[in-house]
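For reference, the chains in residue letters:
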Amino acid sequence: MSNSLYITSTTIRAGKAVVALGTLETLARHVGRIGVFRPIVDGDGTHDALLELLTDRYQLQVERDYGLTYAEAAAFVDEDGDARLVAHLVDTFNHMKEHFDFVLIIGSDFTGPSPSTELAMNARLASNMGAPVLAVVNGHDLDEAEILNAMDSSSSVLTRLGCSVVAMIVNRVDGDTIERMRARLVEEPHRSPVYVLRDLPVLSALTVEEVAAGLHGTILVGSKDSLQREVDAYVAGSGHLQTLLPVLSEGALVVASGDRADLAVGTAASALSRDMPTPSGVVLTCGHRPDAMIQTLLEASGLPVVAVEPDTYATLHALEGLRGEIRPTSRRKIAAALGEFNAGVDAEEFSRLIRLSHPEAITPLMFSFGLLDRARADRRHIVLPEGADDRILQAAEELVHANVVDITLLGHASEVFAKAIAAGVDLTGIEIIDPATSPLRDEFAEEYARLRAHRGVTLDIAYDTVMDPSYFGTMLVHTGRVDGMVSGAAHTTAHTIRPALEIIRTTPEAQIVSSA
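These notes cover the structure that comes with them. Because the structure is predicted, anything quoted here is derived from the model rather than measured. (Residues numbered from 1 in each chain as written. Predicted model: local features only at pLDDT ≥ 70, side-chain atom pairs only at ≥ 80, totals over all residues. Heavy atoms only, no water.)

This paragraph deals with the packing of helix α6 (residues 144-160) against helix α7 (residues 175-187). α7 packs onto α6 with a crossing angle of 55 degrees between their chain directions and a minimal axis gap of 10 Å. Regarding the angle of α6 to α7, the classification is oblique. Judged by the twist between their axes, the crossing of α6 over α7 is right-handed. Taking contact as the criterion, the partners of E144, A145, I147, L148 and M151 in α6 are, on α7, T177, R180, M181, R184 and L185. When the residues that make up the contact of α6 with α7 are grouped by side-chain class, the tally is six nonpolar, one polar and three charged. (Axes fitted to C-alpha atoms, helices over the stretch in contact; angles between N-to-C directions. Helix = DSSP H or I, 4+ residues; strand = E, 2+ residues; numbered from the N terminus. Parallel < 35°, antiparallel > 145°, perpendicular 65-115°, else oblique. Left-handed = near helix turned anticlockwise from the far one by under 90°. Contact = heavy atoms within 4.5 Å. Nonpolar A, V, L, I, M, F, W, Y, C, P; charged D, E, K, R; others polar.)

Spelled out as structure tokens, the structure:
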């Protein structure tokens, strides 16, 4: 049974937050310790609305809940592709998941430098993390045929890259399309369940609080609750009050120059009237602030008022670049999101899918990380006879610093250290033995001569033989000083196996000896 689930959208703004919120709500009913991990986040990593929402709502305790920012991720991509990036993120995830019963992984937001390749990146991450995939398809402004095409193309990418897709959620489907879409899905065969969710404008609407933050404005009036009002429309206050009032609508945000106190007061009065629409707030531009008397009138209405430095045109232009998010304080959005998720998703079936699904493919990266996890759990001591090989030095450094294994390197100490310095390798914590000068050479020679006496091996011959790193390393294993030996990077298979056959030998039932 997999103890993780990877949520990835297939395009930008597919409503992944709704699905993540609903999924975590489901998990919280069945799982004790839940972790949330985002491999790649936008910005500098100090703020991620979705992580803040989930960790706050479910009181999740994690030291680091993301892998890299887009900028940091770019540094891992080289001429050989993104293999280093994938390995780094998978390793970060594997370290994190040890502390939880279940980890919900939430893919990238398709806002990076190469959004067209992000679905493939998320697929590779999910496959190598061994996490089943819950795919979120954006159905906004698409008809049934277009949605089915988007589903098929996304599914093709995910399965081609080794993902196990447990379900698809088609999100943000228009109200007049959703029933026809559900009817089509009954007729269309699919390998995994598909759920359809409506497009709820409230979920993508900006709140006044988000407007203030996005415009770097100062909140002049507004309680914690009033700042959560959703903005449904913008109205530019450029005319007289009698021109403004007829165009006000429910949830409208009035943007006007700060010296137009009449427009601000008139908008506030509209909020107090039962017969007038209730605006969401007022933004005062050009750096003007109302005087004390006007401020008192505005406060009486309870309508949020924000002051900004740019002019009205620049402010409206900046607003077009902002988008609403579901934040911990967005009670209305949270309720709407969970309501829609619960209405559109079969809770019992969904719970069974995410708890009992298995990855269909074991990738090389999954296999190697699995070995590392097993090695850490039963830490052993390994000798590497090819101590002067750059690849061996780098591998030894990584393994020891990752607390996977204890390592002994064989070779001339001066040569090994020179190679390490040239390769930028830190050998702290790694034992180095020179077989030619080691005090163990006499003991090993006597033992080897004893074992091979029937083959005419004398002590002098044995003394020369055990100076060979492969023989010396095998003797370390034979005498119990280390648990095993790994070789073959610079030596042939025969050179590696022959000492083992002569000294350690095979069990009586073994008929075949092989290398890997």
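Remark on secondary structure: sheet strands pair via backbone hydrogen bonds, oriented parallel or antiparallel. Spatial strand order, β17-β16-β15-β18: four strands in an open sheet with parallel pairing. Each edge of the open sheet is held by one strand with a lone partner, namely β17 (431-433) and β18 (484-485). Bridge analysis of strand β15 (residues 381-384) against strand β16 (residues 406-410) gives four bridges, and the strand direction is parallel. In the strand pairing of β16, H381 is matched with D406. Contacts from helix α17 (residues 390-401) reach β15 and β16 within the one sheet, and its direction differs from that of β16 by about 160 degrees. (Pairing = 2+ DSSP bridges.)

Before going further, it helps to examine the pattern of salt bridges. Under the definition given, this model contains 21 salt bridges. Its salt-bridge partner being E309, residue R289 comes within 3.6 Å of it at the nearest N-O pair. One end of the pair, R289, is in the loop between β13 (281-285) and α12 (292-301); the other, E309, is in the loop between β14 (305-307) and α13 (312-320), and 20 residues separate them in sequence. A residue is classified by how much of its surface remains accessible, and E309, at 55% relative accessible area, is exposed. Its salt-bridge partner being E447, residue R450 comes within 2.7 Å of it at the nearest N-O pair. (Salt bridge = Lys/Arg side-chain N within 4 Å of Asp/Glu carboxyl O. Buried < 20%, exposed > 50% of the residue type's maximum accessible area, 1.4 Å probe, protein only.)

Further remarks concern the layout of surface pockets. For the largest pocket, the calculated volume is near 1,000 Å³. In terms of lining residues, the largest pocket is bounded by 38 residues, among which A49, R323, G324, E325 and I326 are the most central. Elements supplying a minimum of two residues to the lining of the largest pocket: α1 (16-28), α2 (49-57), β6 (165-173), α8 (201-204) and α9 (208-214). Across the lining of the largest pocket, the residue classes break down as twelve nonpolar, twelve polar and 14 charged. (1 Å grid on protein atoms, 1.4 Å probe; cavity = no way out; pocket = protein on both sides within 12 Å on 5 of 7 lines; lining within 4 Å. Points joined across faces, edges and corners; volume = space filled by probe spheres on them.)

This paragraph deals with the sheet that holds β14. Here we have five strands laid out as an open sheet, ordered β9-β14-β13-β12-β11, and mixed in their pairing. Single-partner strands in this sheet number two, and they are β9 (218-221) and β11 (233-237). The average undirected angle you get between the axes of adjacent strands in this sheet is 25 degrees. Sheet analysis places β13 next to β14, joined by three bridges and oriented parallel. If you follow V283 over to β14, its bridge partner there is V306.

When we look at burial in α12, the residues that qualify are I294, Q295, L298 and S301. Buried residues of α12, seen end-on, are gathered within an arc of 115 degrees and therefore sit on one face of the element. Away from the buried face of α12 by more than 90 degrees, exposed residues A292, M293 and A300 are located. Next to the buried residues of α12 lie β9, α11 (261-272) and β14. Sitting at the amino-terminal end of α12 is D291, which places a side-chain oxygen 3.2 Å from the backbone nitrogen of M293. In the stretch just after α12, G302 is the one whose phi turns positive, near 75 degrees. (Arc of directions from axis to C-beta. Polar contact = N/O pair within 3.5 Å; in protein donor to acceptor, adjacent residues only side chain to side chain.)

Below, the discussion takes up the packing of aromatic side chains. Here the structure, examined in full by the defined rule, presents five aromatic pairs. Consider the rings of Y195 and F350, whose centres lie 6.3 Å apart with planes at 80 degrees: the pair is edge-to-face. Placement of the pair is Y195 in strand β7 (residues 194-198) and F350 in helix α15 (residues 347-356), with a sequence separation of 155 residues. As far as the burial class goes, Y195 and F350 line up, both buried. (Phe/Tyr/Trp six-rings, centres within 6.5 Å; stacked < 30°, edge-to-face > 60°.)

Okay, the side chain of R327 next. Its location among the elements puts R327 in the loop between α13 and α14 (331-344). A polar atom in the side chain of R327 sits 2.8 Å from the side chain of E210. R327 has contacts with H47, L53, E210 and I334, leaving out every residue within four places of it along the chain.

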